[in-house]
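# Residue-level structure breakdown
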Amino acid sequence: MGEESRERASSDPAAALRSGVVRLTPGDVPWLVIADLHLDPLGDGRVDAFVDWLEELPSGTTLLVLGDLFDVWVGPSQGRLAGSAAVLAALARLTERSSAVHLVPGNRDFLLGPEFEQVTGARVHAHGFVLEDVLRGAREDAAVLFVHGDELCTLDHAYQRMKRVLRSSTMRFRRWSDTAIRTTLPIILRRMLSSSSL
């Protein structure tokens, strides 16, 4: 997807969904849905277990990741961290085995984008996607909408305003520069805050 169409999709979620329709045929099975793994970019046992699980998936699998694959993602430089690198490499090996990976960014990893696609072979859908032809025995025009949960927090107006600002093209342009300390610092702060009793 080019920059112009990405910009249009970010300002019009409905258009993004229409352009992000994923069509599956009965032969596109097995397909799996996962969400909210919150994997640590620095690596831990959960990252190791996820990598092992990916390695065991059969060729031809369609994997749908509905956001927050990582606990935090501040930009492409994070891909050099041990946990991130292991996950990216495992996803790349999966797509090399004639498997498809479709990912919806979550509220913690919404900066996943073209660089992630290039490294892993996955396809990123900024606002979700629609799967057609997957409900056997249902109406002919039946489809399933897949989004991250924060898309449904429509009554939380403060959050939705903050989300629009954080995901704007201006903020993406001004994202963290490619230095190790700026990649690692947010992760350390997140760990400190999550372990705090406040």
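Residues numbered from 1 in each chain as written. Predicted model: local features only at pLDDT ≥ 70, side-chain atom pairs only at ≥ 80, totals over all residues. Heavy atoms only, no water.

Time to look at helix 4 (residues 82–96). Between its first and last C-alpha atoms helix 4 spans 21 Å; for 15 residues at 1.5 Å apiece the expected length is 21 Å, and the two agree. The complete set of buried residues in helix 4 reads Gly-83, Ser-84, Val-87, Leu-88, Ala-90, Leu-91, Ala-92, Leu-94 and Thr-95. On its buried face, helix 4 sits against helix 3 (45–56), strand 3 (62–65), strand 4 (100–103) and helix 5 (114–120). Of the residues one or two after helix 4, Ser-98 is the one with positive phi, at around 60°. (Helix = DSSP H or I, 4+ residues; strand = E, 2+ residues; numbered from the N terminus. Expected span 1.5 Å × (residues − 1). Buried < 20%, exposed > 50% of the residue type's maximum accessible area, 1.4 Å probe, protein only. Contact = heavy atoms within 4.5 Å.)

Not every positive phi belongs to a glycine, and Asp-36 is a case in point at roughly 55°. Within the secondary structure layout, Asp-36 lies in the loop between strand 2 (31–34) and helix 3. By relative accessible area, which is 39% here, Asp-36 ends up partly exposed. Phi at Asp-68 is positive, roughly 55°, even though this residue is not glycine. For Asp-68, the position within the fold is in the loop between strand 3 and helix 4. Look at Asp-68 and you get buried, because its relative accessible area is 2%.

Considering every residue of the chain, the mean pLDDT works out to 75; 60% of them sit at 70 or more. Considering only residues more than four positions removed or in separate chains, one finds that residues 1–13, a stretch of pLDDT under 50, has 10 contacts. Confidence drops under a pLDDT of 50 for residues 176–181, and excluding neighbours within four residues, the segment shows nine contacts in the predicted structure. (pLDDT = per-residue confidence, 0-100.)

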